[in-house]
Amino acid sequence: QVQLVESGGGLVQPGGSLRLSCVASGRTVRSYHIGWFRQASGKEREFVVAINKDGGTTRYVDSVKGRFTISRDDAKNTAYLQMNSLKPADTDVYYCAADPSLVFRTEASRYDYWGQGSQGTVSS
């Protein structure tokens, strides 16, 4: 079992950047596909981006392509979400999640372990 803790959220102006971190403990992050999801109050959790276990494959939702980048540092057991050119529509609580299954998927229901969430607010 793995525990995930996010950090790095905050308030930024439109066009600015945030970098979220997701530190894994209990098991190595290489044992999991890692996904980032976001959720606004009263809305369903939305897939943002994911990276597979070996780090060789990534998937992005169309709305963040070219602006967001997922990465992983196995030595630090940490995954990152670099968010650039932020828009007010990106304001959400961001969650990292881990999926131990063999198949790389992006559905939130496939991810067994979740962090507590980190608020990212884009506003002038």
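Structure shown above.
Residues numbered from 1 in each chain as written. Predicted model: local features only at pLDDT ≥ 70, side-chain atom pairs only at ≥ 80, totals over all residues. Heavy atoms only, no water.

1. Points about the pairing of strand E4 (residues 33-39)
Thinking step 1. The element E4 is extensively covered by neighbouring structure, given that six of its seven residues are classed as buried.
Thinking step 2. Relative to strand E9 (residues 92-99), E4 runs antiparallel, the two being bridged by seven bridges. Note that in E9 the partner of Gly35 across the bridge is Ala97.
Thinking step 3. Judged from the five bridges that link them, E4 and strand E5 (residues 46-51) form a sheet pairing that is antiparallel. When the bridges of E5 are listed, Phe37 appears paired with Phe47.
Thinking step 4. Hairpin connection from E4 to E5: six residues lie between these consecutive antiparallel strands, with Gly42 at a positive phi of about 80°. (Buried < 20%, exposed > 50% of the residue type's maximum accessible area, 1.4 Å probe, protein only. Helix = DSSP H or I, 4+ residues; strand = E, 2+ residues; numbered from the N terminus. Pairing = 2+ DSSP bridges.)

2. Details of the nonpolar core
Thinking step 1. The biggest cluster of nonpolar side chains holds 25 residues, and the ones touching the most others in it are Trp36, Phe68, Leu81, Met83 and Tyr94.
Thinking step 2. Listing elements by their share of this core, those giving two or more residues are strand E3 (18-25), E4, E5, strand E7 (68-73), strand E8 (78-83) and E9.
Thinking step 3. The biggest single contributor to this core is E3, with four residues.
Thinking step 4. Sequence-distant contacts of Leu81, defined by excluding residues within four places in its chain, comprise Leu18, Arg19, Leu20, Trp36, Val49, Phe68, Thr69 and Tyr94. (Core = buried A, V, L, I, M, F, W, Y, C linked by side-chain atoms within 4.5 Å. Contact = heavy atoms within 4.5 Å.)

3. Focus: the pattern of salt bridges
Between side chains of opposite charge, pairing is possible as soon as their charged atoms come close.
Thinking step 1. The full count for this structure, using the stated rule, is seven salt bridges.
Thinking step 2. Measuring nitrogen to oxygen at the nearest pair gives 3.0 Å for the salt bridge that ties Asp90 to Arg38. Of the two residues, Asp90 is situated in the loop between E8 and E9 and Arg38 in strand E4; the sequence distance between them amounts to 52 residues.
Thinking step 3. Residue class for Asp90 comes out buried when judged on its relative accessible area of 3%.
Thinking step 4. With relative accessibility at 5%, the residue Arg38 sits in the buried group.
Thinking step 5. For the salt bridge of Arg38 with Asp92, the shortest nitrogen-to-oxygen distance reads 3.7 Å. Taken together, the residues span a long stretch of sequence, with Arg38 in strand E4 and Asp92 in strand E9 at a distance of 54 residues. (Salt bridge = Lys/Arg side-chain N within 4 Å of Asp/Glu carboxyl O.)

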